[in-house]
Each structure stands twice: as C-alpha cells, then as structure tokens.
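Notes for the structure review
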Amino acid sequence: CEPSSTFSRAHTQDDRLSNMHVKASSSIGRFEMRACIGKAMPGSGCATSKRMVRVERRNRCAKLKPVPLTWNQSRKKIEFPRVQSLAREEPLEATKNVKIGFIGGGQMTEAIVRAFVVTMCIPPENVWVHDRNENRREVFRKLGVNVPQGGSVEIGKTCDAIVLSVKPQKVMVAMKELAGLMDETKILYSVVAGLSIEKMQAQFPDARVIRLMPNTPVSVRCGVVGYSVGSSTKEGDLLLTDALFSAAGMAVQVQEYQLDALTGVSGSGPAYMFLALEAMADGGVAAGLPRALSLRIAAQTMKGAAEMVLQENGAEPLTHPAILKDKVASPAGTTIEGVTTLEKHGFRSSLIEAVKAAAARSYALGGD
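Residues numbered from 1 in each chain as written. Predicted model: local features only at pLDDT ≥ 70, side-chain atom pairs only at ≥ 80, totals over all residues. Heavy atoms only, no water.

Focus on the overall build of the chain
Note the cut-off: The secondary structure listing takes helices from DSSP runs of H or I that are at least 4 residues long and strands from runs of E that are at least 2 residues long, numbered from the N terminus. Per-residue accessibility, obtained with a 1.4 Å probe over protein chains only, is compared with the maximum for each type, and a residue is labelled buried under 20%, exposed over 50%, and partly exposed between these values. We call two residues in contact when some of their heavy atoms are within 4.5 Å.
Within the chain one finds 12 helices and 11 strands. Across the 368 residues in the chain, those meeting the buried criterion constitute 40%. Within the chain, contacts between residues at least 6 apart in sequence are counted, and of these 62% link residues at least 24 apart.

Okay, structure coming up:
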C-alpha cells in the first residue's frame, strides 16, 4: 500500500476479500469506485496488521467529496455510502453566478430547490423563494436559501431567472406582480399547468420564455424535467436550463406540442409504476413472501430494470427493453410464463392507453 490522500482509514479485513469493483451513477455524473484490498507492504507507512482501501473516482463534471468506506464486522463486508449522499464541492461554472427565484413555494419548488442545494448545482445564496404561507417560507429558510421580504417584486428585480411555480388559478396575480420587471435580460420559466409560451410571451414580450414540465421523482433527484423554449431564447439559455435542471435528474428539450405526450409518460408515469409495484408486491405476498420484504424486492427489481435500460453498455440510443426482456425469458421458463399471463390480460395495451388518455387530458386542460 503506497500512502496516498485517496486512501480511507485502515480497516481490518478478511483475507478472502482481495478484489472488489463497484460502479454507480447519479444525477451529478458517472463515477467509478475501485476497492483494492491487500496486505500492507513493509516500509509503506501502513500498519502490517491492517488492510487499506483505495478509492478511485472519475466524474465528468464535478469534484466529489471523499467517499468514506466502512467495514461491517458482523456482515464481513465493506459498506459503501449511498450514491445520493455524494455532491459537488463547488457549483458548476455555468450556474455559479446565476441568481434564480421561485414564485410559489409548493412541493415541486421544494424538490427542485433541494436538488440545487444537495448537488451544489447553484449556491444557496443565489436562490430566492417567495410564498405567501409562512410555514412554507420557513421550510426554505431552513434550506439556507433567500426568502425575501419584498416577495415577487424583489425576486423580479434581483434574479436573472424567475420560475413561476404557482397554481393555475393564481398565475395571473403572480404575473401582474412582475409587470415592468421582465425585460430582455430575464429568463422566465414556468411549471404552471396549461400556461402556454404564447400566453407568457403576451404578458412579457421582451423576456426569454421557457416552459418546464417536471415530474415528482425530482424530489429524489431521479426526475425528468421536460422543457420547451420561446422564440426569443438564446443558445446559452438552453445550456443553462440543462445545467440547472439536470440536478433534479434528466433535463430534455421537446417542442411545446410534445409536452402533453411527455406529461402522459413522465408526468403521470410514476403513478403507473406505483400501481405496477403495488401489484408485484401483492403477488409476492400471495406467493408466500412477507409484505415488507416483497415490497422492497419489487421496488429494487423495478429500479434495477430501469438502470439496465439507461446504462446497458453505455449505449446511445438506449437498448430496447424487448432485448433485455428476451435475455431474462429462457425457453419454457418462469419468466416467459409470467409474460404470457401479462399479455393475456392486456398489460402492455393498458399502459399504452393510459399514456394516451393522460396526454389527451393534458391537452384539454391547456385549452381551458
């Protein structure tokens, strides 16, 4: 073992653990951890009765905090931290000087702001949030972001980018408070359902308008944030949008007319997954598993299957799920029997129709 700043503290290990390789990814970029465990060499400065663990980290976009490894003696294994606990030590160059303000401090705003704070995508002192409810304002004070006394007006004067995140019935009031403050130097984002780019541009003809459609998994930084842009936006606005909202998962640009379809897939999709997850867990219980264990296994299985699609060979375009399904389904085996049963009961067609129905409802709401 050569002394190095990348070594964690020494841990006594079992000789059987000679080589471990762990890969993981997160919303802040991919990294790699290698744990190489071996006897300490004489003269290395390491105690000969100890083993040392070296961690190599690779990240495309940010420095990561040191990765602590602990030895669990009872389980005879090394325990790695959860991926979600890793964060940047410094903000991204593209976002560190941007001041962003949210008008409306509901659950979606909280999820996005937490993603900003945890990943250090943007310094907390550069984030402003206004909400009329004092309890909600206190939530954001505890997150360390600015909660201005001047409300929407102060945010409009101070921030480079403003996010409308209020309920549809309150959006006109919020826009009136910003009257005269939104010039060509400002980016106006909106997560308000049914508020089109045309309507925003009519109120603020000089502002660079971008419409956002996030989903609830942004709260665990595994979400999808779809966005479409107005005619006055610049190329730098797209780069900034990607940098900001990738902190909450994946940011993807679509045409505005495609936002309804995106809503049907990613906006409503988590509910479909929860239904499938509940059904799988119930099936496990029916087959003899304890409920808590069945739910945990089903959730991990769903998570693992999604990761296989997203990360299979690092391929672009993604590996088609039918190919991965065929790899699981051996001839006359258990999996193909289960898949056949799902097909008999219209599993695929039900999901297709659910997405189409949700997209149609989204379109109807936008026309109200």
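Once you've had a look at it, read on.
Notes on the confidence of the model for the chain
Inclusion rule: For every residue, the predictor states its confidence as a pLDDT score lying anywhere from 0 to 100.
Looking at the chain as a whole, its pLDDT mean stands at 80, while 74% of the residues score no less than 70. Note on residues 1–67: pLDDT is under 50 here. Beyond four places in sequence and across chains, it has 136 contacts. Confidence drops under a pLDDT of 50 for residues 80–88, and excluding neighbours within four residues, the segment shows 31 contacts in the predicted structure.

Focus on a nonpolar patch on the surface
Stated precisely, the cut-off is as follows: Exposure above 30% relative accessible area and no salt bridge define the residues that can form patches, which grow by joining like charges within 9 Å and nonpolar side chains of Val, Leu, Ile, Met, Phe, Trp and Tyr within 5 Å. To be clear on the numbers: accessible area is Shrake-Rupley with a 1.4 Å probe, and residue cover counts the displayed protein chains and nothing else. Just to be clear on terms, a salt bridge is a Lys or Arg side-chain nitrogen sitting within 4 Å of an Asp or Glu carboxyl oxygen.
Residues Leu289, Leu293 and Ile297 make up a contiguous nonpolar surface patch of about 230 Å² in total accessible area. Relative to the elements of secondary structure, leucine 293 occurs in helix 9 (residues 291–311).

Brief notes about the pairing of strand 8 (residues 187–190)
Each regular strand shows side chains that alternate between the opposite faces of the sheet. Condition: Here the rule is simple: two strands pair whenever DSSP picks up at least two bridges between them. Here the term right-handed applies to a crossover when the path leading from its first strand over the helix to its second strand runs clockwise, the strands being oriented away from the viewer.
Of the two faces of strand 8, both are covered, the one formed by Ile187 and Tyr189 as well as the one formed by Leu188 and Ser190. As paired elements, strand 7 (residues 161–164) and strand 8 share 4 bridges and run parallel to each other. When the bridges of strand 8 are listed, leucine 164 appears paired with serine 190. With helix 4 (residues 171–177) bridging strand 7 and the parallel strand 8, this β-α-β connection has right-handed handedness. Of the pairings in the sheet, the one linking strand 8 to strand 9 (residues 208–214) comprises 4 bridges and is parallel in character. Within the sheet, the bridge partner assigned to serine 190 lies in strand 9 and is arginine 211. Crossover strand 8 to strand 9 through helix 5 (residues 197–203) is right-handed.

As for the packing of aromatic side chains
For clarity, the cut-off: Pairing of aromatic side chains here covers Phe, Tyr and the six-membered ring of Trp, requires ring centres within 6.5 Å, and sorts the geometry by plane angle: under 30 degrees stacked, over 60 edge-to-face, intermediate tilted.
The final tally for this structure, using the stated rule, is 3 aromatic pairs. Centre to centre, the rings of phenylalanine 116 and phenylalanine 245 are 6.0 Å apart; their planes meet at 50°, and the pair counts as tilted. Highlighted residues: phenylalanine 116 in helix 1 (residues 107–119) and phenylalanine 245 in helix 6 (residues 235–245), separated in sequence by 129 residues. Aromatic pair tyrosine 189 and phenylalanine 245: ring centres 5.4 Å apart, planes at 75°, arrangement edge-to-face. Of this pair, tyrosine 189 sits in strand 8 while phenylalanine 245 sits in helix 6, and the two are 56 residues apart along the sequence.

A word on the nonpolar core
Heads up, the condition is: As used in this record, nonpolar core signifies buried Ala, Val, Leu, Ile, Met, Phe, Trp, Tyr and Cys residues forming a set joined through side-chain atoms within 4.5 Å.
Counting 32 residues, the largest nonpolar core has Ile100, Phe102, Phe116, Val127, Tyr189, Leu244 and Phe245 as the members making the most contacts within it. Going through the elements one at a time, strand 5 (100–103), helix 1, strand 6 (127–130), strand 7, strand 8, strand 9, strand 10 (223–229) and helix 6 are the ones with two or more residues in this core. The element that contributes the greatest number of residues to this core is helix 1, accounting for 5 residues. Non-local contacts of phenylalanine 102, meaning those with residues more than four positions away in its chain, are made with Thr109, Ile112, Val113, Phe116, Val127, Trp128, Val129, His130, Ile155 and Val163. Core analysis: the next-biggest nonpolar cluster, separate from the first, contains 20 residues, Ile103, Trp128, Leu188 and Leu195 among them.

Overview of the side chain of serine 266
One can find serine 266 in helix 7 (residues 259–267). Excluding residues that lie within four positions of it along the chain, serine 266 makes contacts with Asn215 and Val224.

Structural notes on helix 2 (residues 134–142)
The line we're drawing: By arc we mean the arc of the directions from the helix axis to the C-beta atoms, nothing more.
Within helix 2, burial applies to Arg136, Arg137 and Phe140. Angularly, the buried residues of helix 2 cover 100° about the axis, an arc narrow enough to put them on a single face. Facing away from the buried surface of helix 2 by more than 90 degrees, the exposed residues are Asn135 and Lys142. Looking at the buried positions of helix 2, the neighbouring elements they touch are helix 1 and strand 6. Residue glycine 144 follows helix 2 closely and has a positive phi angle near 85°.

A closer look at the packing of helix 8 (residues 269–286) against helix 9
Stated precisely, the cut-off is as follows: Note on geometry: axes are lines fitted to C-alpha atoms, helical ones only across the stretch in contact, with angles between N-to-C directions running from 0 to 180 degrees. Relative orientations are named as follows: roughly parallel for angles under 35 degrees, roughly antiparallel for angles over 145 degrees, roughly perpendicular for angles from 65 to 115 degrees, and oblique for any other angle. Here a crossing is called left-handed whenever its near helix is offset anticlockwise from the far helix by less than a right angle, and right-handed whenever the offset is clockwise. When residues are sorted by character, Ala, Val, Leu, Ile, Met, Phe, Trp, Tyr, Cys and Pro go into the nonpolar class, Asp, Glu, Lys and Arg into the charged class, and all the rest, Gly among them, into the polar class.
It is at 8 Å that the axes of helix 8 and helix 9 come closest, and there the two elements cross at 135°. Classified by the angle their axes make, helix 8 and helix 9 are oblique. In this structure, helix 8 meets helix 9 at a crossing whose hand is right-handed. Here Met273, Ala276, Leu277, Met280, Ala281, Asp282, Gly284 and Val285 of helix 8 come into contact with helix 9, specifically with Arg291, Ser294, Leu295, Ala298, Ala299, Thr301 and Met302. Classifying every residue of the contact of helix 8 with helix 9 gives 10 nonpolar, 3 polar and 2 charged.

Examining the environment of threonine 319
As for its position among the elements, threonine 319 is in the loop between helix 9 and helix 10 (321–328). In sequence terms threonine 319 and valine 309 are 10 residues apart; their C-alpha atoms lie 5.9 Å from each other.

What to know about the pattern of salt bridges
One pass over the full model with this rule turns up 12 salt bridges. Residues aspartate 237 and arginine 208 are paired through a salt bridge, measuring 2.7 Å at the closest nitrogen-oxygen approach. Taken together, the residues span a long stretch of sequence, with aspartate 237 in helix 6 and arginine 208 in strand 9 at a distance of 29 residues. Of the two residues, aspartate 237 and arginine 208, neither departs from the other in class, the shared state being buried. Salt-bridge contacts for glutamate 353 lead to lysine 356; the nearest nitrogen and oxygen are separated by 3.4 Å. Of this pair, glutamate 353 and lysine 356 both sit in helix 12 (residues 347–367), 3 residues apart, which is roughly one turn of the helix. Overall, the relative accessible area of 48% leaves lysine 356 in the partly exposed class. Salt bridges sharing common partners tie together Glu134, Arg137, Glu138 and Arg141.

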